[in-house]
Amino acid sequence: MKKTNKTTLNDIGIDKKLAEKLSKSLNNLLADFQVFYMNTRGFHWNIKGVQFFELHLKFEELYSLLVIKIDEIAERIQTIGFIPCHSFESYLKLSSIKSVENVSNGVKAIEHILASLSILIKAEREIMSLAQEANDEGTSALMSDYIREQEKLVWMYKAYLG
Ligand SMILES: [Fe+2]
């Protein structure tokens, strides 16, 4: 682990350089969540077919989970001393998840969801590892919770596809 002294630590005792690196990765993750959230609202609104009622509700459940995390990630960035991105421009620039429109097919929507979850889990593992290097238990625990929840979602959405 990196050697630290008092002057290199921020208000909550995390190395400032590592905190800055973490804030950048967390801002990228925030952008991923924002684009994924908007995509999922689109799936909720546009879904068609015999599974409409089931998927319309399921997608609402998903975007409700995502919106809670959007706030948690942004406030974690503030907590470690940086400013969370808060414009559509920066989200579109930073997100690894692409914005999609007019998806009305349930299977296509779920394929997008699974691909997005996979991007999130990979990014969260990287952030968790960086947070552990920085002795940042708060960020590490947050990532760990997200990973566990999203891994379960992957199982369930995959099971739905059969
Ligand atoms: Fe709705």
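Because the structure is a prediction, the values reported are computed rather than measured.

Reading the values: rules and limits
In every chain, residue numbers begin from 1 and rise along the written sequence. Whole-chain, interface and lining totals are the exception, using all residues; otherwise, since this is a predicted model, local features are given only for residues with pLDDT of at least 70 and side-chain atom pairs are given and counted only at 80 or more. By definition, any uninterrupted DSSP run of H or I lasting at least four residues is a helix, any uninterrupted run of E lasting at least two residues is a strand, and each is numbered from the N terminus. For every residue pair, C-beta atoms are placed from the backbone, and the pair is scored as a contact if these atoms sit within 7 Å. Multiplying 1.5 Å by the residue count of a helix minus one yields the expected span of that helix. The burial criterion counts other C-beta atoms lying within 10 Å of a residue's C-beta, which is placed from the backbone; the residue is buried at 20 or more, exposed at 12 or fewer, and partly exposed between these limits. Each axis is a line fitted through C-alpha atoms, and for a helix only the stretch in contact is used; angles between axes span 0 to 180 degrees, taken between their N-to-C directions. An angle below 35 degrees is read as roughly parallel, one above 145 as roughly antiparallel, one from 65 to 115 as roughly perpendicular, and any other as oblique. Should the near helix be turned anticlockwise from the far one by less than a right angle, the crossing is left-handed, and should it be turned clockwise, the crossing is right-handed. Here the nonpolar group is Ala, Val, Leu, Ile, Met, Phe, Trp, Tyr, Cys and Pro; Asp, Glu, Lys and Arg are the charged ones; every other residue, Gly included, is treated as polar. Residues of type Ala, Val, Leu, Ile, Met, Phe, Trp, Tyr and Cys that are buried and joined through C-beta atoms within 7 Å form what is called a nonpolar core.

Caption draft 1: Region of interest: the environment of Leu-62. With respect to the helices and strands, the residue Leu-62 is situated in helix α2 (residues 52–79). For the pair Leu-62 and Thr-40, spaced 22 residues apart in sequence, the C-alpha separation works out to 7.4 Å. Apart from the residues lying within four places of it in its own chain, the contact partners of Leu-62 are Thr-40 and Ile-113.

Caption draft 2: Structural view of helix α4 (residues 106–133). With 28 residues, α4 should reach 40 Å at 1.5 Å per residue; the first-to-last C-alpha distance of 41 Å fits that figure. Along α4, the residues that are buried comprise Gly-106, Ala-109, Ile-113, Ser-116, Leu-117, Leu-120, Ala-123, Glu-124, Ile-127 and Ala-131. Buried residues in α4 make contact with α1 (16–46), α2 and α5 (137–161).

Caption draft 3: Quick look at the environment of Thr-40. Mapped onto the secondary structure, Thr-40 falls in helix α1. We classify Thr-40 as buried; it has 24 C-beta atoms within 10 Å. Measuring from C-alpha to C-alpha, the distance between Thr-40 and Ile-110 comes to 9.6 Å, with 70 residues separating the pair along the chain. Setting aside anything within four residues of it in sequence, one finds Thr-40 in contact with Phe-59, Leu-62, Tyr-63 and Leu-66.

Caption draft 4: Spotlight on unusual backbone geometry. One non-glycine residue with positive phi stands out, namely Asn-102, at about 55°. One can find Asn-102 in the loop between α3 (88–94) and α4. Despite not being glycine, Asn-135 shows a phi value in the positive range, around 60°. In this fold, Asn-135 is placed in the loop between α4 and α5.

Caption draft 5: Local environment of the packing of α4 against α5. Between α4 and α5, the shortest axis-to-axis distance is 9 Å and the interhelical angle comes to 155°. Classed by the angle they form, the pair α4 and α5 counts as roughly antiparallel. Every pair of crossing elements has a handedness; the one defined by α4 and α5 is left-handed.

Caption draft 6: The packing of α1 against α4, seen in detail. Running from N to C, α1 and α4 point in directions that differ by 165°, and their axes come no closer than 10 Å. Between α1 and α4, the crossing angle belongs to the class labelled roughly antiparallel. Here the hand of the crossing between α1 and α4 comes out left-handed. Contacts from Leu-18, Lys-21, Leu-22, Ser-25, Leu-26, Asn-28, Leu-29, Asp-32, Phe-36, Asn-39 and Phe-43 in α1 reach Ala-109, His-112, Ser-116, Ile-119, Leu-120, Ala-123, Glu-124, Glu-126, Ile-127, Leu-130, Ala-131 and Glu-133 in α4. Taken together, the residues that form the contact of α1 with α4 break down as 13 nonpolar, five polar and five charged.

Caption draft 7: Geometry of the nonpolar core. Leu-22, Leu-26, Leu-29, Leu-30 and Ile-127 are the most contacted members of the largest nonpolar core, which has 35 residues in total. Elements with a minimum of two residues in this core: α1, α2, α4 and α5. No other element matches the 12 residues that α1 contributes to this core. Residues within four places of Leu-29 in sequence aside, it is in contact with Ile-73, Ala-123, Glu-124 and Ile-127.

The values are spatial; any link to function lies outside them.
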